[in-house]
Amino acid sequence: MSNSGASIEVKNLRKSWGAVEVLSDVNFGIEPGGFLTLLGPSGCGKSTLLRLICGLDEVSGGQILINGADVAGKPAAERNLGMVFQNYALFPHMTIEENISYGLRIRKVPKAEKKKSVDRVAELMALGNLLDRKPGQLSGGQQQRVALARVLVSGRPLVLMDEPLSNLDAKLRVEIRSEIRSLNKKLGITIVYVTHDQSEALSMSDRVVLMNAGVVAQVGTPKELYEHPANTFSATFIGTPPTNILDSLEVAFPADLKIAGGLKLSECLFGIRPESLAFPAEDLDFKVRARVQSIEYEGKVFLIHMRTDAGTAIVVSYSGGSVPDEGEEITVGWNRDATHVFSRSDGKATTLVY
Ligand SMILES: Nc1ncnc2c1ncn2[C@@H]1O[C@H](COP(=O)(O)OP(=O)(O)OP(=O)(O)O)[C@@H](O)[C@H]1O
Ligand SMILES: [Mg+2]
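Quick caveat: nothing in here was measured; it's all calculated off a predicted structure. (Residues numbered from 1 in each chain as written. Chains lettered and ligands numbered in written order. Predicted model: local features only at pLDDT ≥ 70, side-chain atom pairs only at ≥ 80, totals over all residues. Heavy atoms only, no water.)

## Digging into the sheet that holds strand 1 (residues 8-17)
Keep this limit in mind: Think of it this way: DSSP has to see at least two bridges between two strands before they count as a pair. What counts as a helix is a DSSP run of H or I of at least four residues, what counts as a strand is a run of E of at least two, and both are numbered from the N terminus. Contacts are assigned to residue pairs that have any heavy atoms within 4.5 Å of one another. Note on geometry: axes are lines fitted to C-alpha atoms, helical ones only across the stretch in contact, with angles between N-to-C directions running from 0 to 180 degrees.
With antiparallel pairing, the four strands of this open sheet are ordered in space as 2-1-4-5. Sheet topology places strand 2 (20-30) and strand 5 (69-70) at the edges, where each strand pairs with a single neighbour. Alignment of strand 1 against strand 2, held across seven bridges, turns out to be antiparallel. When the sheet's bridge partners are listed, lysine 15 is paired in strand 2 with leucine 23. Across the sheet, helix 1 (residues 46-54) is in contact with strand 1, strand 2 and strand 4 (61-66); its angle to strand 2 comes to roughly 65 degrees.

See the structure below:
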């Protein structure tokens, strides 16, 4: 099993199918042993990107550097990487042990070394007592773990995974998430992971590439994406419930407020996370009137769905004592340091000056 991952860097990558450009000028990179996630809504180009890295499809332009060498023109077999597809397939006639060690057998890895590798990954993936069974005798989640074990044991320094947890129930998904993450750290393999689930991306990754319609919307650590969304797309894609977006024209704010970069206050949008909204609002910097539409009990908090007088839907994550009634109109507010500011015309983030 390899203990050193490969670095990967994607530069100005483009992909068109006929006249339709599905990836435009994509740039990102991750150091050896890193965990990078491609995140974005359905159809944004995540699988396309993974297939280009893997070598299943040809790029229309740009570079794919693995350990500094451009592999964009090379056949898949020469890229020395492993891939887990969304619809993983195990060999039904082979035992779990044979399935996991398949790649090692093809590469004629000596028997003792092969056994050591398989035992190690089987233990890490909690498959140790299932090695003699056939795939048909395993649950869906166990089969998924075998598919992951098979690629992780292969010794490849770079492993690509396309939504590998999508077939699992919520509890198993969270468990295997952390298994993959700890294998990434223990084995030192570099992982490029595709998901449309933002909470999965935030919890697993060293770096996230957020994509929207074939374009990179933001690249950063999970914390950077959460705390400093680069645009309204990022603000509303990351976090549950998503960031509330309010037009500056419907908000009461301090008279000394200014925006960096020459943008007028009348030209901006404010973004506020549901947990940053509060009431009563007397002492808060920003205020808006809103009517309670419905209230959801979430255990730790209440999610209060409201609508402003101008008709904007907002959600307050509320952990206070007494909950307002449905239909009640109240003033909610937030403080300056919780305010994200975006240009109304292009959605790009800017900053408050005060
Ligand atoms: N072979 C192809 N020919 C033409 N268009 C394609 C082809 N493969 C993908 N596309 C288009 O490219 C775009 C990106 O598809 P892709 O499969 O990469 O999305 P995705 O982000 O993986 O979505 P999902 O989350 O649904 O899997 C889509 O609009 C899709 O229809
Ligand atoms: Mg896909």
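Okay, back to it.
## Digging into the sheet that holds strand 8 (residues 190-195)
Spatially, 6-7-8-3-9-10 is the arrangement adopted by the six strands of the open sheet, whose pairing is mixed. Two strands bound the open sheet, and with one partner strand each, they are strand 6 (81-84) and strand 10 (215-220). Mean inter-strand twist for the sheet, computed between neighbouring axes without regard to direction, equals 15 degrees. With respect to the sheet, helix 1 is in contact with strand 3 (35-39), strand 6, strand 7 (158-162), strand 8 and strand 9 (207-212), its orientation differing from that of strand 7 by roughly 150 degrees.

## Quick word on unusual backbone geometry
Glycine aside, residues mostly have negative phi, and peptide bonds are mostly found in the trans state. Threonine 240 connects to proline 241 through a cis peptide bond whose omega is -15 degrees. Mapping proline 241 onto the fold places it in the loop between helix 9 (232-237) and strand 11 (244-247). Along the chain, phenylalanine 279 connects to proline 280 via a cis peptide bond; the corresponding omega equals 0 degrees. As for its position among the elements, proline 280 is in the loop between strand 13 (268-272) and strand 14 (286-297). Backbone geometry places asparagine 12, a non-glycine residue, at a positive phi of 45 degrees. Tracing the backbone shows asparagine 12 in strand 1. The backbone of asparagine 67 shows a phi angle near 50 degrees, a positive value even though the residue is not glycine. Along the polypeptide, asparagine 67 turns up in the loop between strand 4 and strand 5.

## What to know about the site of ligand 1
So the rule is basically this: Proximity criterion: a residue is near a molecule or strand once any of its heavy atoms comes within 4 Å of it. Any pair of nitrogen or oxygen atoms within 3.5 Å is treated as a polar contact; in protein, a donor-acceptor pairing is required on top of that, and neighbouring residues in sequence qualify only through side-chain atoms on both sides. Surface accessibility in these figures is a Shrake-Rupley result with a 1.4 Å probe; residues are shielded only by whichever protein chains are displayed.
For ligand 1, the full set of nearby residues is Trp17, Val22, Pro41, Ser42, Gly43, Cys44, Gly45, Lys46, Ser47, Thr48 and Glu163. Between ligand 1 and the protein, one listed contact pairs an oxygen atom with a side-chain N or O atom of serine 47 at 2.9 Å. Here an oxygen atom of ligand 1 and a side-chain polar atom of threonine 48 are 2.5 Å apart. In isolation ligand 1 has 640 Å² of accessible area, and contact with the protein removes 57% of it. For the shell around ligand 1, the element with the most residues is helix 1, which contributes three residues.

## Details of the domain arrangement of the protein chain
Accessible area lost on assembly of the parts is the figure often given for the size of an interface. Under the convention used in this document: Where each domain begins and ends is defined by an automated method or by a domain database.
Under the domain assignment used here, the protein chain contains domain 1 (8-227) and domain 2 (244-353). The C-alpha-based centres of domain 1 and domain 2 are spaced at 39 Å.

## A closer look at helix 4 (residues 111-124)
The periodicity of an α-helix, 3.6 residues per turn, causes residues three or four positions apart to be oriented the same way. So the rule is basically this: A helix is expected to reach a length of 1.5 Å times the quantity of its residues less one. Summary of the burial criterion: residues with accessible area below 20% of their type's maximum are buried, those above 50% are exposed, and those between are partly exposed, where the area comes from a 1.4 Å probe applied to protein chains only. Arc definition: directions from the helix axis to the C-beta atoms.
In this model, helix 4 (14 residues) spans 20 Å end to end at C-alpha, consistent with the 20 Å of a helix rising 1.5 Å per residue. For helix 4, the full list of buried residues reads Lys114, Ser117, Val118, Val121 and Ala122. Down the axis of helix 4, the buried side of the element spans an arc of 125 degrees, and every buried residue falls inside it. When the buried face of helix 4 is taken as reference, the exposed residues oriented beyond 90 degrees from it are Ala112, Lys116 and Glu123. In the core, the buried residues of helix 4 are packed alongside helix 2 (96-100), helix 3 (102-106) and helix 5 (140-152). At the exit of helix 4 stands alanine 126, carrying a positive phi of roughly 55 degrees.

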